[in-house]
Amino acid sequence: MLSLQNPFPTTPKPSLNLNSSTPLFSTTFKPHFPNTLKPPKPHKPHFATRTQSLLQYNRKPQLAGETPRVVVITSGKGGVGKTTTTANVGLSLARLGFSVVAIDADVGLRNLDLLLGLENRVNYTVVEVLNGDCRLDQALVRDKRWSNFELLCISKPRSKLPIGFGGKALVWLVDALKSRQEGSPDFIIIDCPAGIDAGFITAITPANEAVLVTTPDITSLRDADRVTGLLECDGIRDIKMIVNRVRTDMIKGEDMMSVLDVQEMLGLSLLGVIPEDSEVIRSTNRGYPLVLNKPPTLAGLAFEQAAWRLVEQDSMKAVMMEEEPKKRGFFSFFGG
Ligand code: ADP
Ligand code: MG
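The rules we used
Residues numbered from 1 in each chain as written. Chains lettered and ligands numbered in written order. Predicted model: local features only at pLDDT ≥ 70, side-chain atom pairs only at ≥ 80, totals over all residues. Heavy atoms only, no water. Core = buried A, V, L, I, M, F, W, Y, C linked by side-chain atoms within 4.5 Å. Buried < 20%, exposed > 50% of the residue type's maximum accessible area, 1.4 Å probe, protein only. Helix = DSSP H or I, 4+ residues; strand = E, 2+ residues; numbered from the N terminus. Contact = heavy atoms within 4.5 Å. pLDDT = per-residue confidence, 0-100. Expected span 1.5 Å × (residues − 1). Salt bridge = Lys/Arg side-chain N within 4 Å of Asp/Glu carboxyl O.

(A) Seen up close, the nonpolar core. Counting 53 residues, the largest nonpolar core has Ile 103, Leu 152, Leu 212 and Leu 231 as its most contacted members. Among the elements that make up this core, the one with the highest residue count is helix α5 (residues 167–178) (six residues). In this structure Leu 212 touches Thr 74, Ala 224, Val 227, Thr 228, Leu 231, Ile 239, Lys 240, Met 241, Ile 242, Leu 266 and Leu 268, once residues within four positions along its chain are discounted. Leu 91, Val 141, Ala 302 and Ala 307 belong to the second largest nonpolar core, which has 38 residues in total.

Shown next as structure tokens:
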């Protein structure tokens, strides 16, 4: 039977039973650290990452796949960075010249509008569109910074979804966006709620591809693995992951799982690696996504690169530190 073991067994925590009898992982987790019977291994951190295609600012990325690309940003666990990813990848795509509609499908706890600084401009939501109280274009909020980026909220904050609102309503919405007079958007990005209940099922129904956001910790990884299985059951085969809040200092100190470990555990293609960056919190509070910062911050650059790979349906590769040529500088870490 497959089981999940705590890779950081410093002091035993009796209350945390990670060896649950329910096998949630589809892969066997190989503990990164030696067990207590063996002598400690020499320090061999995995943390470097390498990209397959580099960002080339003298060209526009080639849009792969059929449009509109309907991408759900999901995770299972809450607070890992789905909304941050939706805002930053969405605005990066708009900056690259693609038309983007971001749908906030986190119904009870919507906050994409806050991250984008658009909260005062949301007058109508999808619920009013479906009730016939307004037109679809009245519910779409166009960003003043990048006019090819629009936000659509499902409902008012703290409101409950009307009975009967589900995946079919979202499929109708995506079809309505496709047949708009000004043409179909290139990307429809859906910010998914946490959990795996009705809200999650609704959010993934119209999607053809998924970006799974995870942090390098076991709770987030277990949820991510569960969600991967559910996405596959729903017919979504194109699943890529973003590893968020990565701290190289902790990986070096063997206090955090490496990106390579995460990739081996989940077995998904890697779209991006985002470092822990206090600028993310600052930009969240200002309603000004960090990809718009000048000069760009490290996390902002990493989000831009993830957006570039999303456009080209490309991925990056996590490699062991020793495989990287020495002193290639910080950007080698993010594949730049
Ligand atoms: P989710 O939508 O998955 O619940 P959020 O995007 O709302 O998660 O992010 C949760 C919190 O984590 C926010 O306060 C956000 O600013 C913070 N956060 C997300 N990514 C990073 C990062 N790379 N570095 C620092 N803080 C981050
Ligand atoms: Mg969120």
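(B) Just the confidence of the model for the protein chain, in detail. With 76% of its residues at a pLDDT of 70 or more, the protein chain has an overall mean of 82. A low-confidence stretch, residues 1–54 (pLDDT under 50), is modelled with 114 contacts involving residues beyond four sequence positions or located in other chains. Taken together, the stretch residues 325–336 has pLDDT below 50 and engages in 28 contacts with residues farther than four places along the chain or on a different chain.

(C) Broad picture of helix α1 (residues 82–95). For α1, built from 14 residues, the straight-helix expectation of 20 Å at 1.5 Å per residue is met to within 8% by its first-to-last C-alpha distance of 20 Å. In terms of burial, α1 is a largely internal element, 13 of the 14 residues being buried. The first or second residue beyond α1 is Gly 97, which carries a positive phi of 105 degrees.

(D) Summary view of the pattern of salt bridges. Applying the stated criterion across every chain yields a total of 15 salt bridges. Lys 156 is paired through a salt bridge with Glu 128; the nearest N and O atoms lie 3.5 Å apart. Of this pair, Lys 156 sits in the loop between β5 (149–153) and α5 while Glu 128 sits in helix α3 (residues 126–131), placing them 28 residues apart in sequence. The class for Lys 156 is partly exposed, based on a relative accessible area of 37%. Where Asp 238 meets Lys 240, a salt bridge forms, and the shortest distance between an N and an O atom there is 3.2 Å. Owing to a relative accessible area of 24%, Asp 238 belongs among the partly exposed residues under this scheme. On the accessibility criterion, Lys 240 (11% relative accessible area) is buried. Through salt bridges that share partners, Arg 142, Glu 150, Arg 180 and Glu 182 make up one connected network.

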